[in-house]
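These are the residues of each chain, in order.
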Amino acid sequence: MTTHPPIDPELAPVLAVVQQHVSPTVTPGDIGALRANPAFAVLDEELTRDGTVELREFSTPGPAGAPEVPMLVLRPAGLAPEAPVIYYLHGGGMIIGNNRTGLGNVLDWAVDNGAVVVSVDYRLAPEHPDPAPIEDCYAGLLWLHQHTAEFGGDAGRVVVAGTSAGGGLAAGVALLARDRGGPGLLAQMLMCPMLDDRLLTPSSRELEGEGIWDATSNETGWNALLGARRGGNDVSVYAAPARATDLAGLPTAFVDVGSVETFRDEAVDYAARLVQAGVQCELHLWPGGFHGFDAMAPHTALSRTASATRAAWMRRLLGRTNGE
């Protein structure tokens, strides 16, 4: 029997309630119902915040032979020209979500720091396996770099950020931009990132029927993305960034993860290897935190600390670039 750290005592009752509505275990047969769950829908009103944020929708040519990629741009009112840009990649285990998913805190950072948010609606697995998601995200970065003047952004100050599957995609985009000589990135923010398809770390096997996004769920997501290639030798570092052996020359990073979640060990290892490669990296391991705890229990002390820590990092980063 595997062991893991205890859930934070303030979070434990919240997790029990969440599990009455969302199973910790996701199988391929659950994907359709998850996508249709109204709890995951985000309305315009939630994003425009009583008219204080402008919402615009664009699309960009996708990878060769692929459809256009929808892009969502959120610009707080009264923003100065040439504002920094937060390029956000949503979570959802590679199988659910869209470019409106998980934007609450990201929009807070934009409002607080005078930044624009650009969110990409990448294609989902299993209908669109690798490399569709990562190539869509990279196509979105190219579009952003070419069109920042249209929405008042600064192409020289772009932070790529992502949560869960989006955190893995953000790491992949940073690697792609470096290796293809693409647009420079100011920083990368990897929140509870999904980085490793091999499922070999202790944390990738610790949770079975526990927490949020357990070992079976993780296998479901990676199998959807990679199919029979999962865990083998024919997997790109851009799809599974934990496989990358050369992390030198990547942008400044922020990595955080809960101590009771499937992605714990791969996130901690990736952060350590970034530092060893000479990349500035801030790492936080939240004691007793389960996957997505801050979004599901924002009122708890650990969630408030995690949210404040992310906001402070973003403020330090963008404050420096704004000349503060």
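Description of the structure in this document. (Residues numbered from 1 in each chain as written. Predicted model: local features only at pLDDT ≥ 70, side-chain atom pairs only at ≥ 80, totals over all residues. Heavy atoms only, no water.)

### Structural notes on helix H4 (residues 104-113)
Argument step 1. Those residues of H4 not exposed but buried are Val106, Leu107, Trp109, Ala110 and Asn113. The buried residues of H4 occupy an angular sector of 155° when projected down its axis, which confines them to one face. (Buried < 20%, exposed > 50% of the residue type's maximum accessible area, 1.4 Å probe, protein only. Helix = DSSP H or I, 4+ residues; strand = E, 2+ residues; numbered from the N terminus. Arc of directions from axis to C-beta.)

### A word on the packing of aromatic side chains
Argument step 1. Tallied over the entire structure, the rule returns three aromatic pairs.
Argument step 2. Ring geometry for Phe58 versus Trp143: centroids 5.2 Å apart, planes at 45°, classification tilted. You can see Phe58 sitting in strand E1 (residues 53-60) and its partner Trp143 sitting in helix H5 (residues 132-147), a full 85 residues away along the chain. Each member of the pair, Phe58 as well as Trp143, is classed as buried.
Argument step 3. Each residue in the set Phe58, Trp143 and Phe151 is aromatic and connected to the rest through ring pairs, giving one cluster.
Argument step 4. One cation-aromatic arrangement involves Arg180 over Tyr138; the distance from NZ or CZ to the ring centre is 5.1 Å. (Phe/Tyr/Trp six-rings, centres within 6.5 Å; stacked < 30°, edge-to-face > 60°. Lys NZ or Arg CZ within 6 Å of the ring centre and 35° of its normal.)

### Topic: the packing of H5 against helix H6 (residues 165-179)
Argument step 1. Axis separation between H5 and H6 bottoms out at 10 Å; the angle between their running directions is 60°. Crossing geometry of H5 relative to H6 is assigned as right-handed. Judged by residue contacts, Pro133, Ile134, Cys137, Tyr138 and Leu141 of H5 engage Leu169, Gly172, Val173, Leu176 and Ala177 from H6.
Argument step 2. Across the contact of H5 with H6, the residue classes tally to nine nonpolar, one polar and no charged. (Axes fitted to C-alpha atoms, helices over the stretch in contact; angles between N-to-C directions. Left-handed = near helix turned anticlockwise from the far one by under 90°. Contact = heavy atoms within 4.5 Å. Nonpolar A, V, L, I, M, F, W, Y, C, P; charged D, E, K, R; others polar.)

### Some thoughts on the sheet that holds strand E2 (residues 69-76)
Argument step 1. Spatial strand order, E1-E2-E4-E3-E5-E6-E7-E8: eight strands in an open sheet with mixed pairing. If you trace the sheet from one side to the other, it starts and ends with E1 and strand E8 (281-286), each paired once. For this sheet, the mean angle separating the axes of adjacent strands, direction not counted, is 15°.
Argument step 2. One ladder, built from six bridges, connects strand E3 (residues 83-89) with strand E5 (residues 153-163); its direction is parallel. Following the sheet pairing, Tyr87 is matched in E5 by Val160.
Argument step 3. Of the strands in this sheet, E1, E2, E3, strand E4 (116-120) and strand E6 (187-191) touch H4, which is tilted by about 175° from E3.
Argument step 4. Strands in contact with H6 are E3, E5 and E6; relative to E5, the strand with the most contacts, it is inclined by about 140°. (Pairing = 2+ DSSP bridges.)

### Here we look at the pairing of E3
Argument step 1. Within E3, seven of the seven residues are buried, leaving the element largely enclosed by the surrounding structure.
Argument step 2. Relative to E4, E3 runs parallel, the two being bridged by four bridges. Within E4, the position partnered with Ile86 by the bridge is Val117.
Argument step 3. Traced from E3 through H4 to E4, the parallel crossover comes out right-handed. (Right-handed = clockwise from strand over helix to strand, strands pointing away.)

### Details of empty space enclosed by the protein
Argument step 1. On inspection of all chains with the given rule, the structure shows one cavity of 30 Å³ or more.
Argument step 2. Taken as a whole, the largest cavity spans an internal volume of roughly 40 Å³.
Argument step 3. As for the largest cavity, its lining consists of Met191, Cys192, Asp256, Val257, Gly258, Glu261, Trp286, Gly292, Phe293, Asp294 and Arg310.
Argument step 4. Counting residues per element, the ones that place at least two in the lining of the largest cavity are strand E7 (252-258) and helix H10 (293-296).
Argument step 5. For the lining of the largest cavity, the leading source of residues is E7, giving three residues.
Argument step 6. Across the lining of the largest cavity, the residue classes tally to five nonpolar, two polar and four charged. (1 Å grid on protein atoms, 1.4 Å probe; cavity = no way out; pocket = protein on both sides within 12 Å on 5 of 7 lines; lining within 4 Å. Points joined across faces, edges and corners; volume = space filled by probe spheres on them.)

### Points about the layout of surface pockets
Argument step 1. Approximately 1,500 Å³ is the volume attributed to the largest pocket.
Argument step 2. Phe40, Thr101, Gly102, Ala295 and Met296 are, among the 49 residues lining the largest pocket, the residues nearest its centre.
Argument step 3. Secondary-structure elements contributing two or more residues to the lining of the largest pocket are helix H2 (31-36), helix H3 (44-48), H4, H10 and helix H11 (301-321).
Argument step 4. When residues in the lining of the largest pocket are grouped by element, the largest group, five residues, is from H4.
Argument step 5. Of the residues in the lining of the largest pocket, the class split is 25 nonpolar, 18 polar and six charged.

### What to know about the nonpolar core
Argument step 1. Within the largest apolar cluster, 78 residues are counted, with the highest numbers of intra-cluster contacts made by Tyr87, Leu89, Val118 and Tyr270.
Argument step 2. Sort the elements by how many residues they give to this core and H6 lands first, with nine residues.
Argument step 3. When sequence neighbours within four positions are dropped, the list of residues in contact with Leu89 reads Val120, Cys137, Val160, Ala161, Gly162, Thr163, Gly166, Leu169, Ala170 and Val173.
Argument step 4. Counting 25 residues, the second largest nonpolar core, distinct from the first, contains Ile86, Leu103, Ala161 and Trp313. (Core = buried A, V, L, I, M, F, W, Y, C linked by side-chain atoms within 4.5 Å.)

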